[in-house]
Amino acid sequence: EKVHISTPSKDYPVFIEKEAIGQLESFLKDSNREVSKILIITDYNVGDLYLSKLENSLSSFDVTHYVVPNGEEAKTFEIYYSCLSYALEQKLDRKSYILALGGGAVGDLAGFVAATYMRGIPFIQIPTTILAHDSAVGGKVAINHPLGKNMIGAFYQPEAVFFDLNFLKSLPLVEKRSGFAEVIKHGLIQDFSFYEWLNKNITSLETLTDEQISFFLKTGINIKGAIVKEDEKENGIRRFLNFGHTLGHAIEAEAGYGKISHGEAVMIGMVYALQLSKAVTNLSFNMDHFKGWLSELGYQITVPSYLDPKKLLARMKQDKKSIKQKVTFVLLEEIGQPMIKELCDELILEELEHLYTYSG
Ligand code: NAD
Ligand code: ZN
């Protein structure tokens with residue numbers, strides 16, 4: 001299975017299948033490419049599991065690797081700097097490729113290294129999480145600053161994305177839940193029938209089949225690709241991808257990064273955004289049914305009681321998408337029809353209170 005992403009700055013293929021990396025070597029040997037050296041950036045978890053397999057599949061190239069800490073710990077200035085040092089020591093040049101083997105954290109870091117090393121060298125995403133169907137496509141790459149997540153970054157598209165379904169087998173349940181939230185997001189903001197398919201067919205994240213995974217990854221990537229094609233640099237409709245993220249980011253930050261996974265925080269944020277939509281637009285949507293499904297999938301859909309609503313509001317105002325202290329939300333007029341709306345603090349707080357106790 002192959003999806004094509006086209007953006008103003010680059011067109012590239014996304015391969016989604018078992019043994020997708022089997023096609024990587026021939027992709028790199030394409031006569032249009034000259035590959036002087038390959039640097040694989042991965043984290044300890046993923047490196048232990050899949051690095052040797054990937055290196056073996058690239059035996060005809062000059063390959064080296066650099067292993068970074070797992071998860072968010074990889075997206076620091078220090079690790080970024082150490083990757084650049086390693087690349088310089090290894091004498092990577094402008095014909096060298098960086099391969100990101102891992103989840104969104106490794107992809108964001110390695111992409112930013114590639115974007116800035118010698119003003120930009122080619123890179124390839126080899127995502128190993130469900131969440132990375134979102135992060136590996138679209139070209140946003142970044143590291144964190146102690147004062148804010150993803151604050152230092154670039155728009156830099158990969159040469160290709162190789163989604164090898166075999167790599168997802170070892171993904172812990174909590175990571176599946178995190179990534180699947182973004183899949184649901186893609187359905188809710190853009191494609192009602194896809195949302196309905198998910199709702200009907202995915203009743204457990206423990207028993208996902210390869211066919212189901214490849215279908216929802218492909219569909220999610222197509223949706224994201226269509227949005228990024230229209231608005232690569234996020235001046236307009238790309239903002240719709242932030243559905244659920246205004247509160248989601250605030251929850252992640254306020255709880256402390258890593259306490260609640262990105263997708264699980266976004267899921268609470270989506271429940272919230274749907275609730276706000278009902279209050280503001282005429283969205284007709286069965287919330288009780290939705291929440292029941294989410295509970296079945298293992299999502300926690302209330303805000304943890306240790307998080308203060310006023311502090312969450314203050315966090316939402318700091319969001320880099322908020323302008324002049326006003327909080328802007330992505331709401332839905334209908335499933336598949338997003339809109340942007342600035343809301344007043346009173347409504348934000350009032351609806352937030354409803355999220356602290358489960359009903360549904
Ligand atoms: P991650 O990269 O931190 O991976 C989560 C954990 O799973 C890590 O501990 C990792 O080592 C482990 N892991 C990864 N693949 C595995 C596998 N196949 N088997 C076993 N363990 C595995 O997290 P993520 O959820 O993939 O990505 C989150 C990051 O993505 C955040 O930093 C977020 O900011 C970023 N993000 C970026 C974009 C974008 O557009 N660039 C979009 C969404 C999220
Ligand atoms: Zn997200």
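From a predicted model like this one, the values you see are computed outputs, not experimental measurements. (Residues numbered from 1 in each chain as written. Chains lettered and ligands numbered in written order. Predicted model: local features only at pLDDT ≥ 70, side-chain atom pairs only at ≥ 80, totals over all residues. Heavy atoms only, no water.)

### Here's the deal with the nonpolar core
1) Next: Ranked by internal contacts, the top residues of the largest apolar core, which has 75 residues, are Phe180, Leu188, Phe216, Leu274 and Phe290.
2) Next: Ignoring anything within four residues of it in the chain, the contact list for Leu274 reads Leu188, Phe243, Leu283, Phe285, Met287, Phe290, Leu332 and Ile335.
3) Next: Counting 26 residues, the second-largest nonpolar core is a separate cluster that includes Leu84, Ile98, Phe112 and Tyr117. (Core = buried A, V, L, I, M, F, W, Y, C linked by side-chain atoms within 4.5 Å. Buried < 20%, exposed > 50% of the residue type's maximum accessible area, 1.4 Å probe, protein only. Contact = heavy atoms within 4.5 Å.)

### Observations regarding the coordination of the zinc ion (ligand 2)
1) Next: Only Glu182 (OE), His245 (NE2) and His262 (NE2) from the protein coordinate the zinc ion (ligand 2), and they sit 1.8 to 2.1 Å from it.
2) Next: Read from N- to C-terminus, the donor residues coordinating the zinc ion (ligand 2) fall into the pattern E-x62-H-x16-H. In this pair, His245 sits in helix 9 (residues 245-255) while His262 sits in helix 10 (residues 262-280), placing the two residues 17 residues apart along the sequence. Summarising the burial analysis for this pair, His245 and His262 share the class buried. (Donors = N, O, S within 2.8 Å, 3.2 Å for Na, K, Ca; no water. Helix = DSSP H or I, 4+ residues; strand = E, 2+ residues; numbered from the N terminus.)

### Comments concerning the side chain of Glu234
1) Next: Tracing the backbone shows Glu234 in the loop between helix 8 (210-230) and helix 9.
2) Next: Take Glu234: its relative accessible area is 15%, and that puts it in the buried class.
3) Next: For Glu234, the side chain forms a polar contact with the side chain of Lys140, separated by 2.5 Å.
4) Next: Looking at Glu234, its side chain comes within polar contact range of the side chain of Asn242, at 3.2 Å. (Polar contact = N/O pair within 3.5 Å; in protein donor to acceptor, adjacent residues only side chain to side chain.)

### Concerning the domain arrangement of the protein
1) Next: Partitioning the protein into structural domains gives domain 1 (2-169) and domain 2 (173-356).
2) Next: Distance between the C-alpha centres of domain 1 and domain 2: 26 Å.
3) Next: Listed as interface residues are 25 residues of domain 1 and, on the opposing side, 32 residues of domain 2.
4) Next: For the pair domain 1 and domain 2, the summed buried area comes to about 2,600 Å², and 67% of that belongs to carbon and sulfur atoms. (Domains from an automatic or database assignment. Buried area = accessible area lost by both parts, 1.4 Å probe.)

### What to know about the site of ligand 1
1) Next: As a matter of local geometry, ligand 1 sits amid 26 residues, with Gly104, Thr129, Lys149, Phe167 and Ser170 nearest to it.
2) Next: At 2.7 Å from an oxygen atom of ligand 1 is found a main-chain nitrogen or oxygen belonging to Gly104.
3) Next: Contacts to ligand 1 include Thr128, whose side-chain N or O atom sits 2.7 Å from a nitrogen atom.
4) Next: In the complex, the protein chains occlude 89% of the 870 Å² of accessible area that ligand 1 would expose alone.
5) Next: Listed by contribution, the elements that provide at least two residues to the shell around ligand 1 are helix 2 (44-56), helix 4 (104-116) and strand 8 (148-155).
6) Next: Examining the composition of the shell around ligand 1, we find that four residues originate from one element, helix 2, more than from any other.
7) Next: Of the residues contributing to the shell around ligand 1, the split by class is eight nonpolar, ten polar and eight charged. (Near = heavy atom within 4 Å. Areas by Shrake-Rupley, 256 points an atom, 1.4 Å probe, with all protein chains shown as cover. Nonpolar A, V, L, I, M, F, W, Y, C, P; charged D, E, K, R; others polar.)

### Structural notes on the packing of aromatic side chains
1) Next: Applying the stated rule across the entire model yields 17 aromatic pairs.
2) Next: With centroids separated by 4.5 Å and ring planes inclined at 15°, the aromatic side chains of Phe15 and Phe162 adopt a geometry described as stacked. Here Phe15, found in strand 2 (residues 11-17), pairs with Phe162, found in strand 9 (residues 160-164); they are 147 residues apart in sequence, far enough to count as distant. Both residues of the pair, Phe15 and Phe162, belong to the buried class.
3) Next: Clustering of aromatic rings is evident, with ring pairs tying together Phe180, Tyr195, Phe216, Phe285, Phe290 and Trp293.
4) Next: For the cation-ring pair, Lys10 lies above Tyr156, with the distance from its terminal atom to the ring centre recorded as 5.9 Å. (Phe/Tyr/Trp six-rings, centres within 6.5 Å; stacked < 30°, edge-to-face > 60°. Lys NZ or Arg CZ within 6 Å of the ring centre and 35° of its normal.)

### Focus: the pairing of strand 7 (residues 140-145)
1) Next: The sheet contact formed by strand 7 and strand 8 spans five bridges and is antiparallel. Opposite His145, over in strand 8, you have Gly148 as the bridge partner.
2) Next: A loop of two residues connects strand 7 with strand 8, the two strands running antiparallel in sequence. (Pairing = 2+ DSSP bridges.)

### Quick word on the packing of helix 10 against helix 13 (residues 345-353)
1) Next: Running from N to C, helix 10 and helix 13 point in directions that differ by 125°, and their axes come no closer than 10 Å. Relative to helix 13, helix 10 is oriented oblique. Handedness of the helix 10/helix 13 crossing: right-handed. Across the interface between the two elements, Tyr272, Gln275, Leu276, Ala279 and Val280 from helix 10 touch Leu347, Ile348, Glu351 and Leu352 from helix 13.
2) Next: Residue composition of the contact of helix 10 with helix 13, by class: seven nonpolar, one polar and one charged. (Axes fitted to C-alpha atoms, helices over the stretch in contact; angles between N-to-C directions. Parallel < 35°, antiparallel > 145°, perpendicular 65-115°, else oblique. Left-handed = near helix turned anticlockwise from the far one by under 90°.)

### As for the packing of helix 6 (residues 173-190) against helix 8
1) Next: One can describe the packing of helix 6 onto helix 8 by two numbers: an axis separation of 9 Å at closest approach and a directional angle of 55°. As judged from the angle between their axes, helix 6 and helix 8 are oblique. Read as a crossing pair, helix 6 and helix 8 show a hand that is left-handed. Contact with helix 6, carried on its side by Phe180, Val183, His186, Gly187, Ile189 and Gln190, involves Phe216, Gly220, Ile223, Lys224 and Ile227 of helix 8 and no other residues of that element.

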